[in-house]
Amino acid sequence: MEVGQMQRRLAEFTKSMFMEGFLDGQFLQLQQLQDESNPDFVVEVVSLFFQDSEKLLNDLTLALDQQNVDFKRVDAHVHQLKGSSSSIGAQRVKNACVVFRNFCEEQNLEGCMGCLQQVKQEFYLVKNKFDTLFTLEQQIVAAGGSIPAMEITSF
Amino acid sequence: MASPSMRWIDDGCNVDGGNPGLTREKLFVLVVADDALVRKVHEKLVSKLKVAKQVQTQTAANRKEALDLHLSGSSFDIILMDMQMPIMDGPEATKELRAMGVESMIVGVTSVDATADKEAIVEAGLDECLAKPLTAEKIKYLVETLERNK
């Protein structure tokens, strides 16, 4: 596949991530922070998000598995996950966290368990999407091409 | 420049996104946040802004690090204080910095729905409050405020 085709494929894939709600405008802000002095900034930040989030999801699973669930502790974890997902523009994860926090406030265990599954699902969905995105970028760079800047008005 | 009144800025509603230009020679910013991702993003956001001829940033992961920096003689124009740190670190760190005589602009960074934080923020002595996510426009507004209050 030639570079131009790969670049178009990347642009379409990125656009679909926005159209399907996986990403919001905050991700564009993140991309704008990347430059020659920090060419891997987005990958580094997103990788940090995945590392932190996997730990938070494990902590949440444990916290909800307790005999006496500490909903404040659960809420604190969800709050953190909401903050970091918001920071990278992972909109669907963030939205799932918003619903989760409501159930924490109500101390509704069943609701929280359902939300945990939802958050995990959204997390792994967006993780797969990012894996594909970064693979496409790597392929373009390996073929000698550059990553085109995302146009904000394109969707 | 601790001021008794505190402004709440969210989603850029109160931000005119004006351009302070390069009237400022230097800008020193301290980012205080326990989350490494937040520190990385906020530090990069600030360092990329062309709001001064020279922009320098430093980070602290908690209240102790922020205080130690000041005790060792560092001073900053703006301190971005994450309010979501555990054990009320954000408001406590702010109170302690003010008690030390720190007059920098201290800005609380919190989530829009954290209404409980607002009281802690006002009580702690913050100058401004920003809702996450932090954006270039919001930070430019802070620098404009800094210039206006010089």
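Going by the annotation in an unreviewed UniProt entry, the name recorded for chain B is Two-component response regulator 24-like, with Rhodamnia argentea given as the source organism.

Identification of chain A as Histidine-containing phosphotransfer protein from Rhodamnia argentea is taken from an unreviewed UniProt entry. Its UniProt record gives chain A a comment under Function (unreviewed entry), which states: "Functions as a two-component phosphorelay mediators between cytokinin sensor histidine kinases and response regulators (B-type ARRs). Plays an important role in propagating cytokinin signal transduction."

Residues and elements named next belong to chain A. The sites that UniProt annotates as "modified residue: Phosphohistidine" (unreviewed entry) are His-79. Among the secondary structure elements, His-79 is positioned in helix H4 (residues 71–88). Overall, the relative accessible area of 15% leaves His-79 in the buried class.

Right, let's get into the UniProt feature "modified residue: 4-aspartylphosphate" (unreviewed entry) in chain B. The sites that carry the UniProt feature "modified residue: 4-aspartylphosphate" (unreviewed entry) are, in the present numbering, Asp-82 of chain B. Its location among the elements puts Asp-82 of chain B in strand S4 (residues 78–82).

The next thing to look at is the interface of chain B and chain A. Between chain B and chain A, the residue contacts involve 17 residues of the former and 23 residues of the latter. When chain B packs against chain A, the two sides together hide about 1,700 Å² of surface, and 57% of this comes from carbon and sulfur. In this structure, the connection of chain B to chain A is made through 3 salt bridges. For Lys-48 of chain B, the salt bridge is made with Asp-35 of chain A, and the minimal N-O distance between the two is 3.2 Å. At the boundary of chain B with chain A, the tally comes to 4 residue pairs in polar contact (both at pLDDT 80 or more). Of all elements in the fold, only helix H1 (36–48) and helix H5 (136–148) of chain B reach the threshold of two or more residues within the side of chain B that touches chain A. The element that contributes the greatest number of residues to the side of chain B that touches chain A is H1 of chain B, accounting for 8 residues. By residue class, the composition of the side of chain B that touches chain A is 8 nonpolar, 3 polar and 6 charged.

Our next topic: the environment of Lys-132 of chain B. Tracing the sequence through the fold places Lys-132 of chain B in the loop between strand S6 (128–131) and H5. Distance in space between the C-alpha atoms of Lys-132 of chain B and Ser-111 of chain B is 5.2 Å, their sequence separation being 21 residues.

Moving on: the nonpolar core. Residues Phe-100 and Phe-130 of chain A together with Ile-78 and Leu-80 of chain B are the most contacted members of the largest nonpolar core, which totals 70 residues. Broken down by element, this core gets its largest block of residues, 12 residues, from helix H3 (residues 41–64) of chain A. Setting aside residues no more than four positions away along its own chain, Leu-80 of chain B makes contact with Val-29, Leu-30, Val-31, Val-32, Val-46, Val-107, Val-109, Leu-130, Leu-134 and Leu-142 of chain B. Residues Val-32, Leu-69, Met-83 and Leu-97 of chain B belong to the second largest nonpolar core, which totals 15 residues.

As a further point, take the side chain of Gln-29 of chain A. Positionally, Gln-29 of chain A belongs in helix H2 (residues 25–32). When residues no more than four places from it in sequence are discounted, the contact partners of Gln-29 of chain A are Leu-45, Thr-135, Ala-136 and Glu-137 of chain B.

Moving on to the UniProt feature "domain: HPt" (unreviewed entry) in chain A. The UniProt record annotates "domain: HPt" (unreviewed entry) at residues 38–143 of chain A. Regarding residues 38–143 of chain A, the helix share stands at 87% and the strand share at 0%, and the terminal C-alpha atoms are separated by 21 Å.

Here the focus is the state of the cysteines. Residue and element names in this part refer to chain A. Enumeration over the complete set of coordinates arrives at 0 disulfides over all chains. No disulfide involves Cys-112; its sulfur sits 3.9 Å from the nearest other cysteine sulfur, which is in Cys-104. Judged by relative accessible area, which is 0%, Cys-112 ranks as buried. Looking at the unpaired Cys-115, the closest cysteine sulfur is the one in Cys-112, lying at 6.5 Å.

What follows concerns unusual backbone geometry. Residues and elements named next belong to chain A. Phi is positive for Gln-107, which is not a glycine, with a value near 55°. Considering the arrangement of structural elements, one finds Gln-107 in the loop between helix H5 (91–106) and helix H6 (109–142). Of the residues examined, Gln-107 reaches a relative accessible area of 55% and is grouped as exposed.

Rules of the game
Once a new chain begins, its residue numbering starts again from 1 and follows that chain's sequence as written. Whichever chain is written first becomes A and whichever ligand is written first becomes 1, with later ones labelled in order. Reporting of local features is limited, given that this is a predicted model, to residues whose pLDDT is at least 70; pairs of side-chain atoms are given and counted only at 80 or more, and all residues count toward the totals for whole chains, interfaces and linings. To get the side-chain values, all heavy atoms of the structure are used, and hydrogens and water are removed first. UniProt positions are given in the numbering used here, feature names are shortened, and annotations may be inferred rather than shown by experiment. Numbering of helices and strands runs from the N terminus, with a helix taken as a DSSP run of H or I at least four residues long and a strand as a DSSP run of E at least two residues long. Exposure is judged per residue with a 1.4 Å probe applied to protein chains only, and the accessible area is read against the type maximum: over 50% gives exposed, under 20% gives buried, and values in between give partly exposed. Contacts were defined at the residue level, with two residues in contact if any of their heavy atoms lie within 4.5 Å. Computed with a 1.4 Å rolling probe, the buried area is the accessible surface lost when two parts are put together, summed over both parts. Any carboxyl oxygen of Asp or Glu that lies within 4 Å of a side-chain nitrogen of Lys or Arg is treated as forming a salt bridge with it. In protein, a polar contact requires one atom able to donate a hydrogen and another able to accept it; more generally it is a pair of N or O atoms within 3.5 Å, and residues adjacent in sequence count only if both atoms are side-chain atoms. Under the scheme applied, nonpolar residues are Ala, Val, Leu, Ile, Met, Phe, Trp, Tyr, Cys and Pro; charged residues are Asp, Glu, Lys and Arg; polar residues are all the others, including Gly. In these notes, a set of buried Ala, Val, Leu, Ile, Met, Phe, Trp, Tyr and Cys residues joined through side-chain atoms within 4.5 Å is what counts as a nonpolar core. The disulfide criterion used throughout: a pair of cysteine sulfur atoms within 2.5 Å.

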